[in-house]
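Analysis of the macromolecular model
Spelled out, the chains give:
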Amino acid sequence: MATRPTFPIRAPEAQPGPKALEGIRIVDFSRVMAGPFASQVLGDFGAEVIKIEHPRGGDDTRHQLPQPAIGDQSHFFLALNRNKKSVAIDFNTPEGYQVVLDLIATADVVLENFTTRVMKRAGLDYDSLKERFPKLIYCSVSAYGRTGRLANVAGYDSAISQETGVAQLGALEGERPVLGGLPTIDLTTAMNATIGILVALQARARHGFGQFVETALYDTAIADLNWRGYHYLASGKEPEVMGRAPKMGMPGGEFDCSDGIIWFTCALEKMFAPFCRDVIERPELIDDPRFSTLADRKANATAMIDTIEPIFRQNTRAFWAGRLQAAGVPCGQVRTVGEALSSDLTAEREMVFEVPHPTVGSVPMIGQPIRMSRTPSVYPVAPALLGADTVEVLSQLPGYDADKIDLLLKGGAVASTAGTV
């Protein structure tokens, strides 16, 4: 049976820098992936994220199956919910609804990713809140947007990647569409939500008003088509599927090495000569009339590939990667996820580490990729247990006294895993 890999515990910075988003408070109703990933990024840079969860079960990903887990902690939840406080509230009760309103009164941002009818039915949609909280920034993440005939329809990355053509672009030639190994549409939708919130905060600082920010998975997928989509707009022809063969350079593609596979592409004409001379040590190929130009090499692709394939089998991925990089040819050692996470380069970049956790000792974290020289990301705090911060947050922000909190706990409008005040 496989055992989980372990990584060094990340030590807190001796002199942490100022927090870029210090003083910004987010009341976060989001769950599963796109919304939580957005609020995690904001929390990484110092925003105070109050994660609102239902007292019974909380975020669906706390119990998502099938899953590996660390102790009783879901890997899915751990990946998306660091640097947040968990407050367990049933906002469908009158008492819970009032608690939520009192928290929103202290907040800069509300973030949610329910279907349209959920927040409207609860009286927590933007139209219900905007007059009472005119400076509030309200960010809504959905599958198909908050207007139109699909406004109440739920959606997943996988389905939307199919209906927007994204899955087709990753297929092998002549094959059916292929779902990507990552939920890229969810993740880029989260980035769009993050950007929208930051833009709205800047607009409020300049102009004094809050506003509604919306991003949808469908819209994001259409935008992500970018230059591949523009190929169709410019020509009326479907863009080529990528497959495994190189589409932008020759030689290029996947090549077997003595210990695995390497991928590279001579995408620019200037790369071919150093490739022949310095990488494979076959300088005579530079003047071979079959390979003189990129067009010639593509026309004679079979001869080109047949010439170099045996050469790559003679040494390791690392050997060829070093030569290709030195020659200015983009390349990558073809790795599994585990190999990438455990690689020396990942360690050098300090992108995987562990942080303390209250019930399982420590948990691994994949680091924040945005580096800031003056306002770095904060020391990561492990995802909170359900309701761990209910009492603290309600006593500090709305300023509830112990008797009121106790009454809410006994009535079931809120819940806590940290006892009472």
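Presented here is an overview of the structure given in this document. (Residues numbered from 1 in each chain as written. Predicted model: local features only at pLDDT ≥ 70, side-chain atom pairs only at ≥ 80, totals over all residues. Heavy atoms only, no water.)

Let us now look at the pairing of strand β7 (residues 137-142). Two faces belong to every sheet, and in a regular strand the side chains alternate between them. For β7, a buried count of six out of six residues is recorded, marking the element as mostly surrounded by other parts of the structure. On β7, burial covers both faces: Ile 137, Cys 139 and Val 141 on one face and Tyr 138, Ser 140 and Ser 142 on the other are all buried. Relative to β7, strand β6 (residues 109-112) runs parallel, the two sharing four bridges. Following the sheet pairing, Val 109 is matched in β7 by Ile 137. Pairing geometry for β7 and strand β8 (residues 211-216), over six bridges, is parallel. Bridging across to β8, Ser 140 finds its partner in Glu 214. (Buried < 20%, exposed > 50% of the residue type's maximum accessible area, 1.4 Å probe, protein only. Helix = DSSP H or I, 4+ residues; strand = E, 2+ residues; numbered from the N terminus. Pairing = 2+ DSSP bridges.)

The next subject is helix α8 (residues 184-207). Taking 1.5 Å per residue as the helical rise, α8 with its 24 residues ought to reach 34 Å, and the 34 Å between its terminal C-alpha atoms agrees with that figure. Within the span of α8, buried status applies to Ile 185, Asp 186, Thr 189, Ala 190, Ala 193, Thr 194, Gly 196, Ile 197, Ala 200, Leu 201, Ala 203 and Arg 204. (Expected span 1.5 Å × (residues − 1).)

This part is about the packing of α8 against helix α9 (residues 217-224). Running from N to C, α8 and α9 point in directions that differ by 100 degrees, and their axes come no closer than 9 Å. With respect to their mutual orientation, α8 and α9 come out roughly perpendicular. In this structure, α8 uses Ile 185, Asp 186, Thr 188, Thr 189 and Asn 192 to contact α9, whose residues at the interface are Leu 217, Thr 220, Ala 221 and Asp 224. Residue composition of the contact of α8 with α9, grouped by class: three nonpolar, four polar and two charged. (Axes fitted to C-alpha atoms, helices over the stretch in contact; angles between N-to-C directions. Parallel < 35°, antiparallel > 145°, perpendicular 65-115°, else oblique. Contact = heavy atoms within 4.5 Å. Nonpolar A, V, L, I, M, F, W, Y, C, P; charged D, E, K, R; others polar.)

Spatially, the three strands line up as an open sheet ordered β9-β10-β11, and their pairing is antiparallel. Only two strands of the sheet have a single partner each, and these edge strands are β9 (252-257) and β11 (331-334). Averaged over all pairs of adjacent strands, the angle between their axes in this sheet comes to 20 degrees, without regard to strand direction. Sheet topology note: the β9/strand β10 (residues 260-265) ladder contains six bridges and is antiparallel. Counterpart to Glu 254 in the pairing with β10 is Trp 263.

On to the packing of aromatic side chains, then. Centre-to-centre distance and the angle between the planes together describe a pair of aromatic rings. For the coordinates displayed, the defined rule picks out 13 aromatic pairs. For the ring pair Phe 29 and Phe 91, a centre distance of 5.6 Å and an interplane angle of 85 degrees mean the geometry is edge-to-face. Here Phe 29, found in the loop between β1 (25-28) and α1 (34-44), pairs with Phe 91, found in the loop between β5 (85-89) and α3 (94-104); they are 62 residues apart in sequence, far enough to count as distant. As far as the burial class goes, Phe 29 and Phe 91 line up, both buried. Between Phe 275 and Phe 312, the aromatic rings sit 6.4 Å apart at their centres with planes inclined by 15 degrees, giving stacked as the arrangement. With Phe 275 in helix α11 (residues 272-279) and Phe 312 in helix α13 (residues 301-312), this residue pair connects regions lying 37 residues apart in the sequence. Each member of the pair Phe 275 and Phe 312 is classed as buried. (Phe/Tyr/Trp six-rings, centres within 6.5 Å; stacked < 30°, edge-to-face > 60°.)

Formed by 34 residues in total, the largest nonpolar core has its most connected members in Phe 29, Ile 52, Leu 103, Ile 104 and Leu 124. Taken together, the elements giving at least two residues each to this core come down to β2 (48-53), β5, α3, α4 (116-122), α5 (126-129), α17 (390-396) and α18 (402-411). Broken down by element, the residue count for this core peaks at five residues, all from α3. The residues touching Ile 104, leaving out its near neighbours within four places in the chain, are Val 27, Phe 29, Val 110, Leu 124, Leu 129, Phe 133 and Leu 136. (Core = buried A, V, L, I, M, F, W, Y, C linked by side-chain atoms within 4.5 Å.)

This part takes up the state of the cysteines. Enumeration over the complete set of coordinates arrives at zero disulfides. Summary of cysteine pairing: Cys 331 is not part of a disulfide, and the nearest cysteine sulfur, belonging to Cys 257, is at 9.8 Å. (Disulfide = S-S within 2.5 Å.)

Relative orientation of the contacting elements α11 and helix α14 (residues 317-326) amounts to 135 degrees, with a least axis distance of 9 Å. Relative to α14, the element α11 is oriented oblique. Crossing handedness for the pair α11 and α14: right-handed. The segment α11 lies against α14, with Phe 275, Asp 278 and Val 279 engaging Trp 320, Arg 323 and Leu 324. Tallied by class, residues from the contact of α11 with α14 come to four nonpolar, no polar and two charged. (Left-handed = near helix turned anticlockwise from the far one by under 90°.)

A few words now on a nonpolar patch on the surface. On the surface, Met 191, Ile 195 and Val 199 cluster together into a nonpolar patch covering about 260 Å² of accessible area. As for its position among the elements, Ile 195 is in helix α8. (Patch = residues over 30% accessible without salt bridge, like charges linked within 9 Å, V, L, I, M, F, W, Y side chains within 5 Å. Areas by Shrake-Rupley, 256 points an atom, 1.4 Å probe, with all protein chains shown as cover. Salt bridge = Lys/Arg side-chain N within 4 Å of Asp/Glu carboxyl O.)

Pairing in this open sheet of seven strands is mixed, and the strands run β8-β7-β6-β1-β2-β5-β14 from one edge to the other. Sheet topology places β8 and β14 (414-415) at the edges, where each strand pairs with a single neighbour. Set on the sheet, α9 makes contact with β7 and β8; between it and β8 the angle comes to about 65 degrees.

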